[in-house]
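Now for the letters of each chain:
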Amino acid sequence: MRAGARAEEKVGEAIEYALTRTGCAVAHGVTSIASEGDIDHLVATPARLWVVETKSGRLPKKAFATALRRVARNVEGVRKWAPGSDVRGALVFAGTEPVKARASYGSRSETIRCFGDRESLMRELRRETEEEQSGNADLVRSVWELSSRISAATVPFNPDT
C-alpha cells in the first residue's frame, strides 16, 4: 500500500511539473465524480481531460484488467460531469523500473492509453500543453475546485457558474 501511495505522489508531482501553463489544472484523489473508487489524477489540458490511474509496478493479468475497467468506468463518470469534453483514460506505471506495455488497451467501450513510466506521461502532457488550442477556462477552474473539495457529493460541471 505504501508503494502505491508513493507512486501516486510521484505521478502527481510529474503531472504538476508538466502542467506549468495557464489553462491547465490537476486534481488528485477525486471521489466526488468518480464512478468507481477514486480518480488518482484528473488532468485538464487545453486539448482534453485525462483520467489517470497510477500503479506502482507490474500487475498480474487479472489486476491489470481490473485497473483498465476502473479507468474506463471513471472516464464515463467524468464525461457525465463534463458533457461534450474530450475525456481520455490513462494507466501509468510509476515503479522504479519501466513496465513494457502496449500504447493502448481496450476496456468496455474505451481505449485506455498506457504509459510504462511517469516520464512518458509527462512528455504526452507537455506535448498537449504546447499545442495552440483554446482550453475551457470554466472547466479548468472546476477541476481545480475538485482538488480542494472535501465532500463526496457529486457536483456536476456547470460552465455558467
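Residues numbered from 1 in each chain as written. Predicted model: local features only at pLDDT ≥ 70, side-chain atom pairs only at ≥ 80, totals over all residues. Heavy atoms only, no water.

*Asks:* In this structure, what is going on with the pairing of strand S6 (residues 110–115)? I would like to understand it.
*Replies:* Walk down a regular strand and you will see the side chains alternate between the two sheet faces. Bridge analysis of strand S4 (residues 87–93) against S6 gives 4 bridges, and the strand direction is parallel. Its bridge partner being in S6, Gly89 is matched across the sheet by Ile112. Relative to S6, strand S5 (residues 104–107) runs antiparallel, the two sharing 4 bridges. Each residue of the ladder has a partner; that of Ser107, found in S6, is Glu110. In this structure, the hairpin formed by S5 and S6 is closed by a connection of 2 residues, where Arg108 is found at a positive phi of approximately 55 degrees. (Pairing = 2+ DSSP bridges. Helix = DSSP H or I, 4+ residues; strand = E, 2+ residues; numbered from the N terminus.)

*Asks:* Whenever I open this one, the pairing of S4 confuses me. Can you help?
*Replies:* For S4, the buried fraction is high: 6 of the 7 residues fall into the buried class. Of the pairings in the sheet, the one linking strand S3 (residues 49–55) to S4 comprises 7 bridges and is parallel in character. Within S4, the residue paired with Trp50 across the bridge is Arg88. Assessed by its sense of winding, the connection that carries the chain from S3 through helix H2 (residues 61–81) to S4 is right-handed. (Buried < 20%, exposed > 50% of the residue type's maximum accessible area, 1.4 Å probe, protein only. Right-handed = clockwise from strand over helix to strand, strands pointing away.)

*Asks:* Where do I start with the side chain of Arg48 in this structure?
*Replies:* Within the element layout of this structure, Arg48 appears in the loop between strand S2 (39–44) and S3. A relative accessible area of 13% places Arg48 in the buried class. In this structure the side chain of Arg48 is engaged in a polar contact, spanning 2.3 Å, whose partner is the side chain of Glu128. (Polar contact = N/O pair within 3.5 Å; in protein donor to acceptor, adjacent residues only side chain to side chain.)

*Asks:* Looking at this model, I keep getting lost on the confidence of the model for the protein. Mind explaining?
*Replies:* Interpretation of this model should avoid reading the predicted coordinates in detail wherever pLDDT is low. In the predicted model, the protein carries a mean pLDDT of 83, and the fraction of residues at 70 or more is 84%. Of all the helices and strands in the protein, helix H1 (residues 2–18) carries the lowest mean pLDDT, 76, while H2 carries the highest, 96. (pLDDT = per-residue confidence, 0-100.)

*Asks:* What's the story with the sheet that holds S5 in this structure? I'm lost.
*Replies:* Note on sheets: strands pair through backbone hydrogen bonds, and any given pair is parallel or antiparallel. Spatial ordering of the open sheet is given by S1-S2-S3-S4-S6-S5, a layout of 6 strands whose pairing is mixed. If you trace the sheet from one side to the other, it starts and ends with strand S1 (25–30) and S5, each paired once. Strand-to-strand twist across the sheet, computed as the mean angle between neighbouring axes with direction ignored, equals 25 degrees. Across 4 bridges, the pairing between S2 and S3 is antiparallel. Looking at S3, one finds that Val43 is bridged to Trp50. Docked against the sheet, H2 engages S2, S3, S4, S5 and S6, running at close to 150 degrees with respect to S4. (Axes fitted to C-alpha atoms, helices over the stretch in contact; angles between N-to-C directions. Contact = heavy atoms within 4.5 Å.)

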